[in-house]
Amino acid sequence: MNVIVVGAGYVGLVASCCMAQDGHQVTCIENNREKLDMLKKGICPIYEKGLQDILMDSLVKGWLSFKAELPDVLQGDIIIVAVSTPSSPSGATDLSSIHEVMARLSETVQGPVVVVMKSTVPPGTGRMLKANYFVGKPVSYVSSPEFLREGQAVFDWYNPSRIVIGTEDAATASLARRLYPDIDVPVVITDISSAEMIKYASNAFLATKISFVNEVANFCELIDADIDDVALGMGLDGRIGPHFLKAGAGYGGSCFPKDARALDYYCMNTGYDFQLIKSCIEVNTQQRLLIVQKLRRMLGGIDGKKITLLGLAFKPGTDDVRESPAIGIAHLLSKEGARLTVCDPVALDKAGSQLPDNIVLNHDIIAASRGAQAICLLTEWPQFIHADWKSIRDYMSAPYVVVDGRNSLDRQKLDLLGFMYCGVGRKLSSPVSLCQ
Ligand SMILES: NC(=O)c1ccc[n+]([C@@H]2O[C@H](COP(=O)([O-])OP(=O)(O)OC[C@H]3O[C@@H](n4cnc5c(N)ncnc54)[C@H](O)[C@@H]3O)[C@@H](O)[C@H]2O)c1
């Protein structure tokens, strides 16, 4: 099929490359000039495992091309929309890029086209877009929200948990299904608003699971219980499951924070007070403050202290720093007078302008830890977890504090090396283990 993908970001570029590899002829539209120039040269502008190779391969074989604008005439095409839908200050979703694309589509449609919305848009958006732009036009509209995870996006494209197709007619649903020819997973075919809601409800639920386990962890600290064991015991219940039960500095990224806020906003706007989502957001904000509080307590104050933050990306495997807890924590510490160094294997360039002015950037964990009185882990990159902690200790200064904001470090080992270790809801050593 001839497929046009609008937006070459974490979703659109992965979709473009994977669909090109699947045998579709793909044109990807990207309006950011700098990104477009890189893409045309086969340079992947984002860090995503496996993407660089399939981008180059698809370009060389002529299966994929990049352009700045949608063509002047659209007929017989499938158009996948994957542009950004960020938060606006009120919490509402900023749909300006979506409107821009829809206006251009409505001008250029000459014959039947299928528009597949992969951007996350609030429930009711599809219905509104159809009414505003496509009445009397040969446009079939599909909401097919994307669930891929950054850091394993290519794998997720080929191995999704489910495919959701929201549309008003069966013929369009079967056409949309042909976009994923070899993927054998459950397919949910529903109406447009329900498809849109599946995405918001899924992200809000996962965010709530994280905030829930963080609250349990905070309480564990008061009763001398251990969150790792508690989460292990909870997660073995098939109704709960082991995922998203890791306590830490809270969730971040380009989806959970903005989608939780948007759900809260649209519920309020519709006259429904979704109290649970409000608490989830509030707990997540507090969780960052608790990390700063732990550092303050262990160092006896922040002012003038040399602190190294490990990790800027909102999670390992990506260079995405949007709403990363590390950036918020860096600002909180900087305001209190900390002398900060930050280390991340891939995200330093992307974070640059969002960081406090006086922060030192370093790719190398040993160099970054030189003279630090405290280290704070905020992204659980394997290279941090498996670093040479003995050398790090040798380069640091007393009191050798480690605040593990991701509960991912070997606390016993760090204890033996002479660090003052503190996790989130974690005891220093734990008596419980899983016996087979
Ligand atoms: N990133 C994720 O993990 C993820 C997962 C599922 C869903 N989503 C949703 O998918 C959508 C895209 O997310 P993303 O992370 O890929 O965003 P992104 O910001 O990385 O990419 C969006 C791209 O669209 C481009 N763009 C914006 N307006 C355009 C226009 N008018 N014409 C052409 N290009 C345009 C931008 O320059 C950018 O490169 C969002 O709605 C997001 O909520 C994201």
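How each quantity is defined
Residues numbered from 1 in each chain as written. Predicted model: local features only at pLDDT ≥ 70, side-chain atom pairs only at ≥ 80, totals over all residues. Heavy atoms only, no water. Near = heavy atom within 4 Å. Polar contact = N/O pair within 3.5 Å; in protein donor to acceptor, adjacent residues only side chain to side chain. Areas by Shrake-Rupley, 256 points an atom, 1.4 Å probe, with all protein chains shown as cover. Helix = DSSP H or I, 4+ residues; strand = E, 2+ residues; numbered from the N terminus. Domains from an automatic or database assignment. Buried area = accessible area lost by both parts, 1.4 Å probe. Salt bridge = Lys/Arg side-chain N within 4 Å of Asp/Glu carboxyl O. Nonpolar A, V, L, I, M, F, W, Y, C, P; charged D, E, K, R; others polar. 1 Å grid on protein atoms, 1.4 Å probe; cavity = no way out; pocket = protein on both sides within 12 Å on 5 of 7 lines; lining within 4 Å. Points joined across faces, edges and corners; volume = space filled by probe spheres on them. Phe/Tyr/Trp six-rings, centres within 6.5 Å; stacked < 30°, edge-to-face > 60°. Buried < 20%, exposed > 50% of the residue type's maximum accessible area, 1.4 Å probe, protein only. Core = buried A, V, L, I, M, F, W, Y, C linked by side-chain atoms within 4.5 Å. Contact = heavy atoms within 4.5 Å. Pairing = 2+ DSSP bridges. Right-handed = clockwise from strand over helix to strand, strands pointing away. Axes fitted to C-alpha atoms, helices over the stretch in contact; angles between N-to-C directions. Parallel < 35°, antiparallel > 145°, perpendicular 65-115°, else oblique. Left-handed = near helix turned anticlockwise from the far one by under 90°.

Caption draft 1: Quick peek at the site of the ligand. Near the ligand, the surroundings consist of 29 residues, among which Glu30, Lys35, Thr85, Glu150 and Lys258 are the closest. Taking Tyr10, its main chain carries an N or O atom lying 2.9 Å from an oxygen atom of the ligand. Burial of the ligand by the protein chains amounts to 91% of its free accessible area of 830 Å². Ranked by residues supplied to the shell around the ligand, first place goes to helix 4 (residues 96-108) with three residues. Here the shell around the ligand spans two domains, since at least three of its residues come from each of domain 1 (2-190) and domain 2 (226-422).

Caption draft 2: Seen up close, the domain arrangement of the protein chain. According to the domain assignment, the protein chain consists of domain 1 (2-190) and domain 2 (226-422). Between the C-alpha centres of domain 1 and domain 2 there is a distance of 32 Å. The junction of domain 1 with domain 2 conceals about 1300 Å² of combined surface from both sides, 49% of it contributed by carbon and sulfur atoms. Across the domain 1-domain 2 interface, the total number found is one salt bridge. Residues Glu150 and Arg322 are paired through a salt bridge, measuring 3.9 Å at the closest nitrogen-oxygen approach. Across the contact surface, domain 1 and domain 2 share eight residue pairs in polar contact (both at pLDDT 80 or more). Tallied by class, the residues present in the side of domain 1 that touches domain 2 amount to seven nonpolar, seven polar and two charged.

Caption draft 3: Main features of empty space enclosed by the protein. Across all of its chains, the model carries one cavity of 30 Å³ or more by this definition. Residues that form the lining of the largest cavity fall into these classes: three nonpolar, three polar and two charged.

Caption draft 4: Up close: the packing of aromatic side chains. Scanning the model with the defined rule gives eight aromatic pairs in all. Their ring planes at 40° and their centres at 5.9 Å tell us that Trp157 and Tyr180 sit as a pair that is tilted. Taken as a pair, Trp157 in helix 6 (residues 153-158) and Tyr180 in the loop between helix 7 (170-177) and strand 8 (187-190) lie far apart in primary sequence, 23 residues in all. For the pair Trp157 and Tyr180, a shared accessibility class is recorded, and that class is buried. Taken together, a centroid distance of 5.0 Å and an interplanar angle of 85° make the contact between Tyr265 and Tyr266 edge-to-face. Taking relative accessible area as the criterion, Tyr265 reaches 26% and is therefore assigned partly exposed. Taking the relative accessible area as the measure of exposure, Tyr266 reaches 23% and is therefore partly exposed.

Caption draft 5: Inspection of the nonpolar core at higher detail. With 60 residues, the main nonpolar core has Ile307, Leu309, Leu312, Leu333, Trp389 and Ile392 as its most contacted residues. Not counting residues up to four positions away in its chain, the partners in contact with Leu333 are Val292, Leu295, Ile302, Ile307, Leu309, Ala338 and Leu340. Ala8, Ile46, Leu148 and Tyr180 belong to the second largest nonpolar core, which has 39 residues in total.

Caption draft 6: Structural detail: the pairing of strand 6 (residues 139-143). Burial runs high along strand 6: four of the five residues are buried. Taken together, the five bridges between strand 5 (residues 113-117) and strand 6 define a ladder with parallel strand orientation. Considered in strand 6, the bridge of Val115 is made with Tyr141. At this point the chain moves from strand 5, through helix 5 (residues 125-133), to the parallel strand 6, and the crossover so formed is right-handed.

Caption draft 7: Fine view of the packing of helix 8 (residues 192-223) against helix 11 (residues 275-299). Where helix 8 contacts helix 11, the two axes come as close as 9 Å, and the packing angle between them is 45°. Judged by the inter-axis angle, helix 8 sits oblique to helix 11. Between helix 8 and helix 11 the crossing geometry is left-handed. Counted together, Ala204, Ala207, Thr208, Ser211, Asn214, Glu215, Asn218 and Glu221 of helix 8 and Leu276, Ile277, Cys280, Val283, Asn284, Gln287, Leu290 and Lys294 of helix 11 form the full contact between these two elements. Counted by class, the contact of helix 8 with helix 11 contains seven nonpolar, six polar and three charged residues.

Caption draft 8: The environment of Thr208, seen in detail. Within the secondary structure, Thr208 sits in helix 8. Here Thr208 falls in the buried class, since its relative accessible area comes to 19%. Taking the C-alpha atoms as reference points, Thr208 and Val283, 75 residues apart in sequence, are found 9.2 Å from one another. The contact partners of Thr208, leaving out residues within four places of it in the chain, are Leu276, Ile277 and Cys280.

Caption draft 9: View of the pattern of salt bridges. Going through the model one piece at a time under the given rule, you end up with 22 salt bridges. Where Arg104 meets Glu107, a salt bridge forms, and the shortest distance between an N and an O atom there is 4.0 Å. Within this pair, Arg104 and its partner Glu107 are both found in helix 4, separated by three residues, close to a single helical turn. With a closest N to O distance of 2.6 Å, Glu323 and Arg261 form a salt bridge. Residue Glu323 is located in the loop between strand 9 (306-310) and helix 12 (325-335), and its partner Arg261 is located in helix 10 (residues 256-269); the two are separated by 62 residues in the primary sequence. For Arg261, a relative accessible area of 27% translates into the label partly exposed. What emerges from the salt-bridge pattern is a single network uniting Asp226, Asp228, Asp404, Arg411 and Arg426.

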